[in-house]
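# Coordinate inspection notes
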Amino acid sequence: MSGRLANDSSPFYFQLTLFRELGASRYLFFSLTLLLYAVIVSFNVVIILVICLEKTLHEPMYVFISCLSLNSLYGSSGFFPRFLMDLLSDTHLISRPACFTQIYIIYTYASYELTVLSIMAYDRYVAICKPLHYHSILSPRTVCMLVAAAWLYPVFSLGTLVYLAVRLPLCGNKLPRVFCATWPVVQLSCVDTTPNSIAGLLVSTTTVFLPLCFVLYTYLRILLVCQRKSSEFRGKALQTCLPHIVTFVNYSISVFCEVSLSRYKADQLDPNVVMILSLEFLIIPCVINPVVYGLNLPKIRKLIFRLVHTNTISP
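Worth saying up front: this structure is predicted, and the values here are computed from it rather than measured.

Moving on: the overall build of the protein chain. Scanning the protein chain from terminus to terminus reveals 11 helices and three strands. Along the protein chain, helices and strands appear, N-terminal first, in the series α-β-α-α-β-α-α-α-β-α-α-α-α-α. For 315 residues, the compact-globule estimate of 2.2 N^0.38 gives 20 Å, and the C-alpha radius of gyration of the protein chain, at 22 Å, lies within 12% of that figure. Taken along its principal axes, the extent of the C-alpha atoms in the protein chain is 65 × 50 × 35 Å. Here the protein chain holds 315 residues, and the buried ones make up 46% of them.

On to unusual backbone geometry. Excluding glycine, a negative phi dihedral is what most residues carry, and trans is how most peptide bonds are arranged. The residue H92 is not glycine, and still its phi comes out positive at about 60°. As for its position among the elements, H92 is in the loop between α3 (60-88) and β2 (93-95). On the basis of relative accessible area, H92 is assigned to the buried category, the value being 11%.

With that settled, consider the side chain of T115. Along the chain, T115 falls in helix α4 (residues 96-129). Contacts of T115, omitting those with residues within four sequence positions, involve A150 and P154.

Next up on the list: the state of the cysteines. Counted according to the given criterion, the structure contains two disulfides. Put simply, C99 and C180 are joined by a disulfide, and their sulfur atoms are 2.1 Å apart. Here the disulfide of C99 and C180 is left-handed, its torsion about the S-S bond being about -125°. Of this pair, C99 sits in helix α4 while C180 sits in the loop between β3 (174-175) and α7 (182-186), and the two are 81 residues apart along the sequence. Neither C99 nor C180 differs from the other in exposure class; each is buried. At a sulfur-sulfur separation of 1.5 Å, the disulfide partner of C171 is C190.

What follows deals with the packing of aromatic side chains. Throughout the structure, instances matching the rule amount to 11 aromatic pairs. Pairing Y112 with W151 gives two aromatic rings, centres 4.4 Å apart and planes at 40°, and the pair type is tilted. With a gap of 39 residues between them, Y112 in helix α4 and W151 in helix α6 (residues 140-166) connect regions that are remote in the sequence. There is no split in this pair, since Y112 and W151 are both buried. Residues Y122 and Y125 carry aromatic rings whose centres are separated by 6.3 Å and whose planes lie at 35° to one another, so their mutual orientation is tilted.

Together, F43, V291, L295 and F305 make up an exposed nonpolar region whose accessible area comes to about 350 Å². You can see L295 is positioned in helix α10 (residues 271-296). On the accessibility criterion, L295 (48% relative accessible area) is partly exposed.

Conventions we followed
Residues numbered from 1 in each chain as written. Predicted model: local features only at pLDDT ≥ 70, side-chain atom pairs only at ≥ 80, totals over all residues. Heavy atoms only, no water. Helix = DSSP H or I, 4+ residues; strand = E, 2+ residues; numbered from the N terminus. Rg over C-alpha atoms; globule rule 2.2 N^0.38 Å. Buried < 20%, exposed > 50% of the residue type's maximum accessible area, 1.4 Å probe, protein only. Contact = heavy atoms within 4.5 Å. Disulfide = S-S within 2.5 Å. Phe/Tyr/Trp six-rings, centres within 6.5 Å; stacked < 30°, edge-to-face > 60°. Patch = residues over 30% accessible without salt bridge, like charges linked within 9 Å, V, L, I, M, F, W, Y side chains within 5 Å. Areas by Shrake-Rupley, 256 points an atom, 1.4 Å probe, with all protein chains shown as cover. Salt bridge = Lys/Arg side-chain N within 4 Å of Asp/Glu carboxyl O.

And the structure:
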């Protein structure tokens, strides 16, 4: 009963303190951010539509690429609408339910990205190291099971993490971010947060570090196979893996920045640095992924150019 009363006494609103008074320039920032959001939505929708409508792209690799784009739409929808509102607001207050909803969307987005990238690494490993068995190993049923697992595990693991944070009685409401994040909320707790720290460590290990280790392991196996092959084979393997490598490295750096930031006291750092580091994993991958896969993979590139050309010359 006392825990319930303590929880009921927690603030109903959180204040996002990284927003600064922008004056008349707020409209410029709002316009640029809205343009960026429109670009992210447009790029990723084009990738999804091209893959869905073109039957020749109904292969495992392209299914996983469409999952990446779908996840980018999911993650950006959990951040940009609220961020755009806050740019024009004077208070920068977010309700408790809205804050925890945003936490859940953003963190499941981050976890989905890593699980899908892990599956894509496995796809490249099978394609290069076991090409004759590719379609038997990555059958449609297996692809569906992998995609389902990639989405379902973060749903429950991150759901548990958010649930533990929701139950905490809080003694403050100031969050040194421009969006809601788990650890800054947990730091406002009036009680011991050891269970949250343990759960956070377990979830981080299973949703961040294990996928990263798996991707590195698959590329090590690919590298060992390529060493025994001809230079032509190595060139084709590199061309096949390059988009995934770029995406993986880019997202790994972004996640590292976010995880590092979560373990530091953000109010003691330069606000501009905190803002840049916290926004990187929400913005850069959503823009880079469709560009990398849309322009670098010949099949998708040709279909996009054909689509643009058809719409341009049509009356």
